[in-house]
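Coordinate inspection notes
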Amino acid sequence: MEFSLRVNGEARTVDVEPDTPLLWVLRDELGFKGVKFGCGVAACGACTVHMDGTATRSCIFPVEAAEDIEITTIEGLADEGMFTDVQQAWIDEQVPQCGYCQSGMVMAVSALLDENPSPTDQDINDAITNVCRCGSYPRIRKAIRKVISERGAA
Amino acid sequence: MASGKKKLTRRKFLIGSGVVVGGGLVLGYAALPNQLKDIAARHKGEGQILSGWIKITPDNKVTVIVPHAEMGQGTHTALPMMAAEELDADWDLVSMEEAPGLPEFANQPLGEGFIVGDKLPDILAPLINKAFYSIAQAMDLQITGGSTSVRFTGQYGMRVAGAAAREMLVKAAAREWGVSANDLTTEKSFVHHKASGRSASYGSLVEAASAIDPNPTPALKPKSAHTIVGTRTIKRFDIPGKVNGTAKYGIDAEVEGMLYAAIARVPVHGGTITSINDGAALAMPGVKKVCNLGYAYAVVADKYWRAKTALEAVEIDFEAGGNELVDSDAIFARFNQELATLELEYDIDEGDVEAAEGRLIEADYAVPYLAHACMEPMNCTAWVRDGVCDVWTGTQAPLMARTAAAVAAGLEPENVTVHNHMLGGGFGRRIHAENDYVAPAVEIAKMTGQPVKTIWTREEDMRFDEYRPAVVSRFAAKLGDDGKPNAWKNRFSDKREPAEAPLIPYGVSNQSIGFVRSQSHIKLGPWRSVDHSQHAFFTESFVDELAYEAGADPLEYRLSMLADAPRHAHVLKTAAEKAGWYSGVRAGRAMGVAVHESFGTIVAHVAEVSIGDDGMPRVHKVTCAVDCGEAINPDNIESQIESAIIYGMTGAFFGEITVQDGQVVEGNFPEYEMVRLADVPEIEVYIIESGAPLGGIGEPGLPPTAPAITNAIFALTGQRVRKLPIRNYEFSASA
Ligand code: FES
Ligand code: FES
């Protein structure tokens, strides 16, 4: 079946089964390989994208429900060759190790900070439940704090 | 900015083989320098090969070729740092390439480390027993594991190659200017002659320098002269691509005309398919083929979701040789029984533990199977056609992957090319390619006749991992009048590597450490820090028990037995002081300590815990002291220690793979739970540079993690955790 999607500001059409998870559509039909497969059951966050600005785990989101929603993947977060302040903080704090979870982390954190510019530690713990098997969490927390203080100062 | 990495292509590899010959130069192979010139001559214009693992081009750029995979441990940056330091290169002009999976890159410096007497991790020992140069090639020794990259490739390859290249450049300038090499200095990729004010870039000297024979034993810089190694200014090459989604992992490989496969193994490890009913699957949309591999089956389709959906419609019968009745209790019962009946082998048997006098203290410990749960599920893309095979994957051992692919494809290894990618987690999982993820993918591709990407579901990845062994370990000690053990007796049910993992640093005169090799049908493999992961828990818990039995402070008790292990003592004291061991903790909390040496590095942790309202312990802080000899990239050491502590916490708190009806029960998160952001303690890392030989850093932070936490739990609750994971216990803080 054909579905019309809006991904990173562009209109795209795909021809897949209606129950196909958005994850596989984004990766294999549209080539957004930065969206990662980790668990397939919404338990790790590796596949996190923004849907109308809200962090969403795309591995259980059927493509048929994704029409008429503005989808942003990690590739669409910043302009080509640029980094957002969240991405830059990730570089400054040398957050990623294997890096496989980090697309999802960056997307989850970006959505959180857009919704809530000054989250408490508890807010951060509640919102960022993504798994990082490499344990980059201490640096993730540092990088989040860095963005919060920089945005506050701006 | 130093530029990022790119892969060597086949064409460029020809340069690579010259480079490796240069690596051989490090070993002092007399024949090799000529060969080096030979190859350099054949490839004029592509940049001269000066030595080892370094390429310098006329534009003054330096490329360092790294024969190890990047899985987050920072090797792709730490090794170029070591080469660039000795070369006196301008870091901003340095980039790296990962060596392709070809035997010329077999890790000779690893063997060199062995020969010059550094302890080679036993994980690699079976692969090296004679002349390592040929053996390394024959046995596929291009491994990233055993915390070896910096210790061996870095120490014996990168540093020596960098220094040799610098010497050649200096000599070339001296000849050209008609001055003495002693009057020249180097800085940031330039040679200077102060007296005459002349300067030349390395790039401009490349041609002249390549005519000079490399010195296999160049002088290395003193640490005080370092400007790259040991500083905190270097950012990892691989990080920018990991924050914007452009880093390419095995799962991201794209090949023209590629199909997708979903795979399922026979549910019982080691079982075999006796019949397969694939009619329904074959009728589903997009399905091209159903493959019966005997030990597994797969559906190949034009889209992954179609393959995965159709896989669920395949039915099999299988034969499991009686293992379909086995469960976890039976496995542990077997270990306990065999510990009493099988013949013992010994790691150490000194003095007479039976005859020694003292108060007998006994305790039995156990740990379960653990999955690696790499964030990137296993996957491999393969294409077998016209007598050749290409493999796209992420592997810690590209040459082993190559051999596995060759066997599966029915080809010679030289007709197989492995295109290695970033690894979405390694931890030992991506070392053993035997019949694991590479071989099945190649078999499937061969049956299909087209390029196929096979992706394991998380459930398949979890249930058919090669696990950290489940082990039981029993102790008996005899305490003398001074409270110190006169005898230390340890018996355990599984033995892999490194051999020294169960040894204790403490001075105990009668010691008997013996084991049997109990087995089950569950597949095992190396898991971050290998046998150290369980033995540090066993030994550091039991010594803690002895301290309490002796009525002593657990830190002082350990220190009093470390007269002959000053590095251990120093690390312990440092961690304790920084943690505030002597000033006490706030009400409702307690501290526990543990120290353990692995891969040449000694780590002590002090963990501070409380018990939450839910009865579960909460770790507030881990203070770590680490002596790895020398700090190459301090920021990365901290990050690896943080990583190892959190990996260790996941194992200690949650990790448990159980078996029922012969099958692994746990299939996905959160059933196999992970530490998440909310659970993460404050972590402080203190690096001690003792000047001892370089130790590893990817693994040694893990082993003391579990015992530091469980010792703290005991201090707080009086409850001793003798069988992991912690979450199977209930605690109250009142004791
Ligand atoms: S892959 Fe979607 S949450 Fe894990
Ligand atoms: S960086 Fe490896 S899983 Fe997060």
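For clarity, every value in this text was computed on a predicted model and none was experimentally measured. (Residues numbered from 1 in each chain as written. Chains lettered and ligands numbered in written order. Predicted model: local features only at pLDDT ≥ 70, side-chain atom pairs only at ≥ 80, totals over all residues.)

**Concerning the nonpolar core**
What counts is decided by this rule: Definition of nonpolar core: a set of buried Ala, Val, Leu, Ile, Met, Phe, Trp, Tyr and Cys residues joined via C-beta atoms within 7 Å. Three exposure classes are used. Buried residues have 20 or more other C-beta atoms within 10 Å of their own C-beta, exposed residues have 12 or fewer, and partly exposed residues fall in between, all C-beta atoms being placed from the backbone. By the convention adopted here, residues make contact when the C-beta atoms placed from their backbones lie within 7 Å.
One finds Ala261, Val299, Ala382, Val391, Ala405 and Val442 of chain B to be the most contacted residues of the largest nonpolar core, which totals 261 residues. Residues in contact with valine 299 of chain B, not counting those within four places in the same chain, are Ala261, Ala262, Ala281, Val287, Val290, Ala307, Ala310, Leu311 and Val314 of chain B.

**Digging into the sheet that holds strand S18 (residues 416-420) of chain B**
Residues and elements named next belong to chain B. What counts, and what does not: A strand pair is defined by DSSP finding two or more bridges across the two strands. By definition, any uninterrupted DSSP run of H or I lasting at least four residues is a helix, any uninterrupted run of E lasting at least two residues is a strand, and each is numbered from the N terminus. Here, axes are lines fitted to C-alpha atoms. For helices the fit covers the stretch in contact, and angles between N-to-C directions go from 0 to 180 degrees.
The sheet built from seven strands is open, its strands ordered S11-S12-S9-S19-S16-S17-S18 with mixed pairing. Strands at the two margins of the open sheet, each flanked by one partner only, are strand S11 (287-292) and S18. Here the strands of the sheet are splayed against their neighbours by 20 degrees on average, with no regard to which way each runs. Here strand S16 (residues 379-385) pairs with strand S17 (residues 388-393) via five bridges, running antiparallel. Pairing of arginine 385 across the sheet is with valine 388, part of S17.

**Concerning the interface of chain B and chain A**
Interfaces are often described in size by the accessible area the parts lose on coming together. For the record, the criterion: For this classification, Asp, Glu, Lys and Arg are treated as charged, while Ala, Val, Leu, Ile, Met, Phe, Trp, Tyr, Cys and Pro are nonpolar and the rest, including Gly, are polar.
On the chain A side, the residues contacting the 45 residues of chain B number 46 residues. Elements represented by at least two residues in the side of chain B that touches chain A include exactly helix H8 (240-243), helix H10 (304-311) and helix H18 (634-653) of chain B. At six residues, the largest contribution of residues to the side of chain B that touches chain A is made by H18 of chain B. For the side of chain B that touches chain A, the per-class residue count stands at 24 nonpolar, ten polar and eleven charged.

**Side note on helix H17 (residues 566-579) of chain B**
Residues and elements named next belong to chain B. Convention followed: Take the number of residues in a helix, subtract one, and multiply by 1.5 Å to get its expected span.
With 14 residues, H17 ought to run about 20 Å at 1.5 Å a step, and its terminal C-alpha atoms sit 20 Å apart, in line with that. Listed in full, the buried residues belonging to H17 are His568, Ala569, Val571, Leu572, Thr574, Ala575, Ala576 and Ala579. Of the residues one or two after H17, glycine 580 is the one with positive phi, at around 80 degrees.

**So, unusual backbone geometry**
Residue and element names in this part refer to chain B. The omega torsion of the bond from glutamate 497 to proline 498 falls at -10 degrees, within 30 degrees of zero and hence cis. Here proline 498 is to be found in the loop between strand S21 (485-492) and strand S22 (510-515). Residue proline 670 follows phenylalanine 669 across a cis peptide bond; omega there is -5 degrees. One can find proline 670 in the loop between strand S27 (663-664) and strand S28 (682-688). Phi is positive for asparagine 60, close to 70 degrees, though the residue is something other than glycine.

**Quick notes on the domain arrangement of chain B**
Formally: The split of the chain into domains comes from an automatic or database domain assignment.
Split into domains, chain B comes out as domain 1 (6-243), domain 2 (250-321 + 378-455) and domain 3 (532-728). The C-alpha centroid of domain 3 of chain B is placed 39 Å from the C-alpha centroid of domain 2 of chain B.

**Regarding the packing of helix H2 (residues 85-92) of chain A against helix H3 (residues 102-115) of chain A**
All names here are of chain A. Formally: Put simply, angles under 35 degrees are roughly parallel, angles over 145 are roughly antiparallel, angles from 65 to 115 are roughly perpendicular, and the rest are oblique. For a crossing to be left-handed, the near helix must be turned anticlockwise from the far one by less than a right angle; the clockwise case is right-handed.
Contact pair H2 / H3: the axes reach a minimum separation of 10 Å and the direction vectors enclose 130 degrees. With respect to H3, the element H2 is oriented oblique. As H2 packs across H3, the resulting crossing turns out to be right-handed. Taken together, the residues of H3 that come into contact with H2 (itself represented by Val86, Gln87 and Trp90) are Gln102, Val106, Val109, Ser110 and Leu113. Looking at the contact of H2 with H3 residue by residue, the classes come out as five nonpolar, three polar and no charged.

**A few points about the sheet that holds strand S7 (residues 190-193) of chain B**
Strands in a sheet are paired, the pairing made by backbone hydrogen bonds, and the direction either parallel or antiparallel. All names here are of chain B. Spatially, three strands are ordered S6-S7-S8 in an open sheet, and the strand pairing comes out antiparallel. Two strands bound the open sheet, and with one partner strand each, they are strand S6 (184-187) and strand S8 (198-201). Averaged over all neighbouring strand pairs, the angle between strand axes comes to 25 degrees, with direction disregarded. Those strands touched by helix H7 (residues 202-209) are S7 and S8, and its axis lies near 80 degrees from that of S8.

**Focus: helix H15 (residues 532-549) of chain B**
Residues and elements named next belong to chain B. End to end, H15 covers 25 Å across 18 residues, agreeing with the expected 26 Å (1.5 Å per residue, within 8%). Burial analysis of H15 places 15 of its 18 residues in the buried class, the great majority of the element. Looking one or two residues beyond H15, the residue adopting positive phi is glycine 551, at roughly 70 degrees.

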